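Listed here are the chains, written in short residue letters.
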Amino acid sequence: MSTADVNPPDAGPFAVNPDDDNPYDLLGEDHDAGHRWAFGTGFTDPLEGVDTSVPDGLDPGALVRCCLALGDDALIYSHRLQQWVARLPELEEETAVANIALDLLGQARMLLSRAGGIVGQTEDQLAFFREEKEFRNVRLAEHADRDFAELAVRLLMFSTWRLALFELLSSGSTPASTGDPVLAAIAAKGVNELAYHRDYAASWVVRLGDGTALSHARTQAALDALWPFLGELFRPDPDALATVAGSTGPGSTAPGSTGDRAAFDAVLDTVLAAGGLDRPTAAPLAAVGGRTGRDGVHTEAMGYILAELQSVARAYPDATW
Amino acid sequence: MVAPTARRTPAYDVAAGTPDPEIPTLTIEDLGILRCVDYSPARGVVVTITPTYSGCPAMREIAADVRARLNRAGFEHVTVATQLAPPWSTDWITQEGRRKLAAVGIAPPPEARASVAPRRAGPIPLTLGRPPPPRCPRCDSPDTRLTAQFSATACKSLHRCTACDEPFEGVKAL
């Protein structure tokens with residue numbers, strides 16, 4: 001290619017030498033099977049190279065339901081946090097919320113890949129092409145935060161619960177604790193991330209609760225509004241999650257039926273006391289015909305989330321990025 | 001401190017030299033992301049790496065770079081595998097990695113605990129207090145304050161030195 005080929009006749013001093021490095025050419029270079037156009041794109045299976053065989057004696061269907069529940073929690077919660085980005089009061093909160101959303105998205109990818117590997121679907125198929133009633137996330141994950149106090153309180157509740165659960169799932173990193181070594185490894189990976197999420201949320205709840213009269217009132221209002229979602233987090237899911245744990249009695253680590261409400265309460269009580277906030281007494285959000293988010297029964301908010309989350313993938317189902 | 005592969009083979013050396021996409025002066029060996037490199041004539045080179053954070057977008061970049069570097073060095077069949085357990089922690093960052101971090105103005109994480117991938121006894125305590133502040137990587141002052149627990153990437157926090165007044169990033173203990 002000559003200089004004349006790439007320049008208009010009147011380019012003059014602005015003529016481009018085609019031999020020079022051109023950043024636009026770099027975008028088109030075939031780095032990796034021609035699949036990449038920008039940093040972080042062209043995703044591959046996050047469990048590539050991991051032994052994903054299902055251990056003997058473990059019910060694959062139950063394991064799938066378990067991974068979908070925990071994966072959907074992370075996916076939907078992450079989406080809600082992403083919606084906050086560019087609306088937060090300070091740059092530091094922007095980076096914090098975006099990073100927490102990224103951590104949860106990473107957890108969602110691994111968990112959905114674990115489930116998808118068993119049922120023969122990719123993480124994208126599970127995220128973008130399931131219907132609302134197939135999503136197993138708790139209703140707390142889909143709640144739209146009405147103000148920053150709700151963001152902090154909801155994240156405190158969610159990350160405290162999820163951290164305690166992931167600690168159980170990963171305890172000792174032995175397959176015995178969950179029955180599935182891959183789930184145990186994913187949980188172990190998430191533990192330290194969730195500890196940072198919980199600390200971030202807890203420090204804001206204390207600061208807001210112990211701040212001005214207005215910040216206190218709004219934080220207490222957030223607690224009162226969100227408390228009814230709590231019961232669902234500890235609700236047993238006997239047809240799936242408990243089965244996965246494969247154990248009963250003391251020390252059972254069944255997600256969702258975890259007996260770790262005490263650990264959760266201990267953390268919440270510490271934070272509420274430090275922030276001068278009252279523990280709400282609101283009754284749990286009712287199940288619909290005995291069914292909750294884990295059974296695919298969601299609040300009105302869920303449809304709007306999925307519309308936003310899935311619209312591009314559904315409009316261009318064969319697109320790659 | 002960490003020797004994922006005791007034997008240094010030609011393939012290991014090529015893979016180990018792969019730069020981190022975010023901080024190119026550090027290699028994936030410095031960061032403890034490289035777990036092992038195996039070679040057999042039948043299977044080719046199998047490079048095992050571990051993610052730092054669950055959502056770290058650099059993993060794919062690293063895998064592509066490892067593959068390209070080994071291809072260029074003459075290894076045709078290269079597989080990059082992921083290993084999740086034991087999970088990465090900042091204790092896997094080597095002394096050389098810590099030195100290089102400080103050299104580019106990023107405070108290394110708190111000194112490694114007793115061993116790699118330490119096990120806690122009991123639940124993670126809630127730390128409403130602040131972790132001990134890192135020393136300023138520019139003027140070495142211990143008087144620094146945390147600006148934000150999260151920074152431009154998942155693995156870093158934001159600080160300011162009260163002595164020289166410069167802001168700086170630090171690698172979060174994980």
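Not measured: the values here are computed from a predicted model.

Remarks on the overall build of chain B
Then, in step 1: In terms of helices and strands, chain B carries three helices and seven strands.
Then, in step 2: N-terminal to C-terminal, the α/β element order of chain B is α-β-β-α-β-α-β-β-β-β.
Then, in step 3: Within chain B, the fraction of its 174 residues that count as buried is 43%.
Then, in step 4: Considering only contacts within chain B whose residues lie at least 6 apart along the sequence, 57% involve residues at least 24 apart.

Brief notes about the interface of chain A and chain B
Then, in step 1: Contacts between the two partners involve 44 residues from chain A, matched on the other side by 32 residues from chain B.
Then, in step 2: For the side of chain A that touches chain B, the secondary-structure elements that each account for two or more residues are helix 4 (91-119), helix 7 (148-170), helix 8 (181-209) and helix 12 (261-274) of chain A.
Then, in step 3: Looking at which element gives the most residues to the side of chain A that touches chain B, the answer is helix 8 of chain A, with 15 residues.
Then, in step 4: The residue makeup of the side of chain A that touches chain B, split by class, is 21 nonpolar, 14 polar and nine charged.

With respect to the domain arrangement of chain B
Then, in step 1: Segmenting chain B into domains produces domain 1 (10-82) and domain 2 (105-112 + 131-171).
Then, in step 2: Between the C-alpha centres of domain 1 of chain B and domain 2 of chain B there is a distance of 29 Å.

Describing the pairing of strand 2 (residues 44-49) of chain B
Residues and elements named next belong to chain B.
Then, in step 1: As defined by bridge partners, strand 1 (residues 34-40) adjoins strand 2 across six bridges and the pair is classed as antiparallel. Residue Leu34 lies in a different strand from strand 2, and its bridge partner there is Ile49.
Then, in step 2: Hairpin remark: strand 1 followed by strand 2, antiparallel, with three residues in the connecting loop.
Then, in step 3: Relative to strand 3 (residues 78-82), strand 2 runs parallel, the two sharing five bridges. Among the inter-strand pairings, Val45 is bridged to a residue of strand 3, identified as Val78.

Here we look at unusual backbone geometry
Residues and elements named next belong to chain B.
Then, in step 1: Here Ala85 and Pro86 are connected by a cis peptide whose omega angle stands at -5°.
Then, in step 2: With respect to the helices and strands, the residue Pro86 is situated in the loop between strand 3 and helix 3 (95-103).
Then, in step 3: Notably, Asp140 is not glycine yet its phi reads approximately 65°, a positive angle.
Then, in step 4: Tracing the chain through its elements places Asp140 in the loop between strand 4 (106-107) and strand 5 (144-148).

Brief notes about the packing of helix 7 of chain A against helix 8 of chain A
Residue and element names in this part refer to chain A.
Then, in step 1: Where helix 7 meets helix 8, the closest approach of the two axes is 7 Å, and the angle between their N-to-C directions is 150°. When the interaxial angle is binned, helix 7 and helix 8 end up roughly antiparallel. For the pair helix 7 and helix 8, the sense of crossing is left-handed.
Then, in step 2: A per-class count over the contact of helix 7 with helix 8 returns 20 nonpolar, five polar and three charged.

Some remarks on the sheet that holds strand 3 of chain B
Residues and elements named next belong to chain B.
Then, in step 1: Strand order in this open sheet of three strands is 1-2-3, and the pairing throughout is mixed. At either margin of the open sheet sits one strand with a lone partner, and together these are strand 1 and strand 3. Averaged over all pairs of adjacent strands, the angle between their axes in this sheet comes to 15°, without regard to strand direction.
Then, in step 2: Across the face of the sheet, helix 2 (residues 58-72) comes into contact with strand 2 and strand 3 while running at roughly 155° to strand 3.

Things to note about the sheet that holds strand 7 (residues 167-171) of chain B
Residue and element names in this part refer to chain B.
Then, in step 1: Taken in spatial order, the four strands of this open sheet run 4-7-6-5, and their pairing is mixed. Each having just a single partner strand, strand 4 and strand 5 make up the two edges of the open sheet.
Then, in step 2: Across four bridges, strand 5 lies against strand 6 (residues 156-161) in antiparallel orientation. Bridging from a neighbouring strand, Arg145 pairs with Arg160 of strand 6.

Points about the nonpolar core
Then, in step 1: By size, the foremost hydrophobic cluster in this structure holds 119 residues, and its most contacted members are Cys67, Leu111, Ala152, Val153, Leu156 and Val205 of chain A together with Ala15 of chain B.
Then, in step 2: In this structure, Val153 of chain A is in contact with Val205, Thr219, Ala222, Leu223 and Leu226 of chain A, ignoring residues within four places of it in sequence.

Structural notes on the confidence of the model for chain B
Residue and element names in this part refer to chain B.
Then, in step 1: Considering every residue of chain B, the mean pLDDT works out to 85; 86% of them sit at 70 or more.
Then, in step 2: Long-range and interchain partners of residues 1-6, a stretch whose pLDDT sits below 50, account for 13 contacts in this model, where long-range means more than four residues apart.
Then, in step 3: Contacts from residues 114-119, a stretch scored under 50 in pLDDT, to residues over four places away or in other chains number nine contacts.
Then, in step 4: Model confidence for the complex: the whole-complex pTM is 0.85, and ipTM, which rates the interface, is 0.84.

Thresholds applied
- Residues numbered from 1 in each chain as written.
- Chains lettered and ligands numbered in written order.
- Predicted model: local features only at pLDDT ≥ 70, side-chain atom pairs only at ≥ 80, totals over all residues.
- Helix = DSSP H or I, 4+ residues; strand = E, 2+ residues; numbered from the N terminus.
- Buried ≥ 20, exposed ≤ 12 C-beta atoms within 10 Å, placed from the backbone.
- Contact = placed C-beta atoms within 7 Å.
- Nonpolar A, V, L, I, M, F, W, Y, C, P; charged D, E, K, R; others polar.
- Domains from an automatic or database assignment.
- Pairing = 2+ DSSP bridges.
- Axes fitted to C-alpha atoms, helices over the stretch in contact; angles between N-to-C directions.
- Parallel < 35°, antiparallel > 145°, perpendicular 65-115°, else oblique.
- Left-handed = near helix turned anticlockwise from the far one by under 90°.
- Core = buried A, V, L, I, M, F, W, Y, C linked by C-beta atoms within 7 Å.
- pLDDT = per-residue confidence, 0-100.

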